[in-house]
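# Breakdown of the fold
This is what each chain is made of:
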Amino acid sequence: MNRDETSGGIPSFDPGPDLEPERYEFREDPAWDFQLGRREFLRTLGGGLLILCVGLRGDAEVRAQESGRNGRRRGGGGQLPQAIDAWVHVGEDGTVTAFTGKVEVGQNARTSLTQAVADELTIPVASVRMVMGDTDRVPYDIGTFGSLTTPRMVPLIRRAAAAARALLASIAAERWGVDRGTVEIRDGKAFHATSGRSLGFGELTSGRKLVETIGEDVRAIPAPEWKAAGKSVPKVDARRLVTGEHRYTSDMKRPGMLRGKVLRPPAPGAKLASLDASKAEAMPDVKVVRDGDFVGVVAPTEHEAGLALAALRPQWTALEPPRCNDRTLYEYLKAHPEGGLRNRDRQTASEAGPVGKELASAHAKVSSRYTVAYIAHAPLEPRAAVAEWDGDRLTVRAGTQRPFGGRSELAEAFRMPEERVRVIVPDTGSGYGGKHTGEALVEAARLAHAAGKPVKLVWTREEEFQWAYFRPAGLIEASAGADRDGKLVAWDFHNYNSGSSGLTSPYACKTKDVAFHATGSPLRQGSYRALAATANHFARESLMDELAHALELDPLEFRMRNLEDPRLCDVYRDAAEKFGWGKSRPPEGHGYGFAGGAEKGGYVATCVEVAVEKATRAVRVVRAVAAFECGAIVNPDQLRNQVEGCLVMGLGGALGEAIRFEDGKVLNPRFSRYRVPRFGDIPKIDVVLRDRRDLPAAGAGEIPIVAIAPAIANAIFDATGVRIRSMPMVPDGVIPAAEQKG
């Protein structure tokens, strides 16, 4: 947005600053370059665009203009509607419907946005219906990622609802011939106290659109005056979810629908040399679809589609994969720089001289090397799409975090205007940053186009592991030095590949050199919850712990001596108090660890207790306390759920999750070989929330994940004297034999 969100009106949309460098998936080329048969091509384009085939521009340029090819990589853009009715509609029966391009992927945005609308219109939460992620019905949105829903969408929809409230009061005043200021809006009605008259919202609008523009002078209700927000309102659609009434994309059925499957190459980059499809084509009701390197099958059932896929006999020409595996990965990353330094924060011209000089003369110093493995998003619901053509119009229902991005990808793939493409996103079984790209949408649409019927495509778990993108792996080389008073004097911190999020240290330091180094990656990689903030916090908070021990200072005391941000100081104290930090020593075989940090307006501190069995060196996280502050709390119970969810998810990357690979092939592409946290792994969790009604609300779906891993590493060191500098720390559940004290 191009204007301070605290001001009035709906700002024009601007994608904002460049997306973080670790959002690699936004810069990828399309997965498929369909050729389409000439007859199919003309049928898709329609007569109105036939001029494109004989025009003066080249095909690539035409496609870019027609489909917003460049917009796909940045997520598109556009002018947000200024009319109230684009955001809020009052039905003839008084029902209020609100519209947003955000989607629900388990973060409970549906409830928080509903609370905002209910607040501004002073109506019960149950009176609001929220339409999300339907490109034909909602305003443009760049996508549901980056913790943007609370700080960006909530203020937008609040102002739209506030404008609706003012307009309803004006309509009532005009109808009654009274002063606007004497009309009160509450409980779904307009009241005139002097005359005792009242009219319901539906009576005021008669179902007509609220076409007035949202004015610059519109002000949303400030946080201290919230009535619906700020409370633990239950999840608005919880009953539909727990009773099975809700239909995820993978549950959906359409009349005449077929099931589709796509033939995958043996390794990324392999090209289809030849295909014998005779056996599959001989099967009843099976259709084989080939378009360039794309091969898929459709059949009446998933089982039949699977049999047909297995009957195909392809020959592939494989590209030479990077000679790399998960054991040689970090040397590979450092040896393959790409794009140079990014996000460098260097302070070499300070009065005291460069970092190296300060480091050499520091009273205490440490230098370490940290690594973070590729991990998978592992969403409960894999990618799924149901595609349906109606003449030259295409509708795709899919679980994606970017419905408008998916629309652009479909328009590009089929060389058609975006206006003929509709993407509908049912509430989806999680994403974690892994559903930003639209491969499944495009594949289902291509199969449906060839079949002439609706087609549902659901990726298998193996496809998720092999063909989706991973959280980037990373190598971080870091050194730090402190003086006799425990004050940081030198900070040298270099991240290779994983990204720049969370790179900036919250600790004051005399000199510093901090940089992200982009490198080549042997595997496909992209966004993941909190991006690289998890990797950078793991290294930074481990390094701080190492330096604290070198100084013989309590790790929390050392941090507080170098911390200047009062919000971070507050959550550090909150976590320490709840945990009882410093009040007792852990039992034999147990250890305590502390870590914290800030990113995207969220402040977190996490204390952990671990138990390590002496004989086996098996590690168990016993207890975790997280203190979190993200401004004004919109929904305390749901925020607590987000924090707990982050801690549990963070356990996986911290302890056991890692993609094993060899020469481009994933070696553990299923849950039997890739261990995500289970109920038995979950420690006792306490969450301390600090509500700052004086501050804007920030997102909470990512930041609480960043401190659990370094807190565990520091607790393991406290218990055993073994410093583990690699994530995952205990891939087989025990401290690796190679890890020794020190």
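Parameters at a glance
Along each chain, numbering runs from 1 in the same order as the chain's sequence is written. For this predicted model, a pLDDT threshold of at least 70 governs which residues receive local features, and a threshold of 80 or more governs which side-chain atom pairs are given and counted, while totals over whole chains, interfaces and linings are taken from all residues. Derived side-chain values reflect all non-hydrogen atoms in the structure, with water molecules and hydrogen atoms excluded from consideration. When a carboxyl oxygen of Asp or Glu is within 4 Å of a side-chain nitrogen of Lys or Arg, the pair counts as a salt bridge. Counting from the N terminus, the helices are DSSP H or I runs at least four residues long and the strands are E runs at least two residues long. Partly exposed residues are those whose accessible area sits between 20% and 50% of the maximum for their type, while under 20% is buried and over 50% is exposed, using a 1.4 Å probe and protein chains only. When checking whether two residues touch, look at their non-hydrogen atoms; a contact exists if any pair is within 4.5 Å. In protein, a polar contact requires one atom able to donate a hydrogen and another able to accept it; more generally it is a pair of N or O atoms within 3.5 Å, and residues adjacent in sequence count only if both atoms are side-chain atoms. Where each domain starts and ends follows an automatic or database-derived domain assignment. A quick way to say it: buried area is the sum, across both parts, of accessible area lost when two parts are put together, with a 1.4 Å probe. Strands are labelled as partners when DSSP assigns at least two bridges between them. Lines fitted to C-alpha atoms define the axes, with helix axes restricted to the stretch in contact, and inter-axis angles between N-to-C directions lie between 0 and 180 degrees.

Per an unreviewed UniProt entry, the chain is named Nicotinate dehydrogenase subunit B, and its organism is Aquisphaera giovannonii.

## A short note on the pattern of salt bridges
The full count for this structure, using the stated rule, is 50 salt bridges. The shortest N-O distance in the salt bridge between Arg420 and Asp392 comes to 3.0 Å. Here Arg420 is found in the loop between α13 (403-414) and β16 (421-424), whereas its partner Asp392 is found in the loop between β14 (384-390) and β15 (393-398), with 28 residues between them in sequence. Exposure remark for Asp392: the relative accessible area of 28% places this residue in the partly exposed category. Between Glu546 and Arg725 there is a salt bridge; the shortest N-O distance is 2.9 Å.

## Brief notes about the environment of Arg247
Here Arg247 lies in the loop between α8 (238-242) and β7 (258-262). Along the primary structure Arg247 and Ala738 are separated by 491 residues, whereas in three dimensions their C-alpha atoms are 48 Å apart. The residues contacting Arg247, other than those within four sequence positions of it, are Met252 and Pro426. Within the structure, the side chain of Arg247 is placed 2.6 Å from the backbone oxygen of Gly244, a separation counted as a polar contact.

## A word on the side chain of Arg264
Within the secondary structure layout, Arg264 lies in the loop between β7 and β8 (271-276). Here Arg264 falls in the buried class, since its relative accessible area comes to 17%.

## Topic: the domain arrangement of the chain
Domain boundaries assigned for the chain yield domain 1 (38-54 + 81-243), domain 2 (249-318 + 383-458) and domain 3 (328-339 + 351-375 + 470-727). Taking the mean C-alpha position of each, domain 1 and domain 2 sit 34 Å from one another. Residue-level contacts link 28 residues of domain 1 with 28 residues of domain 2. With both sides pooled, the region where domain 1 packs onto domain 2 buries about 2100 Å², and carbon together with sulfur makes up 51% of that total. Taken together, domain 1 and domain 2 are joined by 4 salt bridges. Here Arg393 ties to Asp136 by a salt bridge, and the two come within 3.5 Å at their closest N and O atoms. Inspection of the region where domain 1 meets domain 2 yields 7 residue pairs in polar contact (both at pLDDT 80 or more).

## Examining the sheet that holds strand β9 (residues 287-291)
An order of β9-β10-β7-β17-β14-β15-β16 is seen for the 7 strands of this open sheet, with the pairing classed as mixed. Edge positions in the sheet fall to β9 and β16, since each of these pairs with one other strand and no more. Neighbour-to-neighbour, the strand axes of the sheet open up by a mean angle of 25°, direction not taken into account. The sheet contact formed by β7 and strand β10 (residues 294-299) spans 4 bridges and is antiparallel. The partner of Gly260 across the bridge, within β10, is Val298. Contacts from α13 reach β14, β15 and β16, with the element oriented near 145° to β16.

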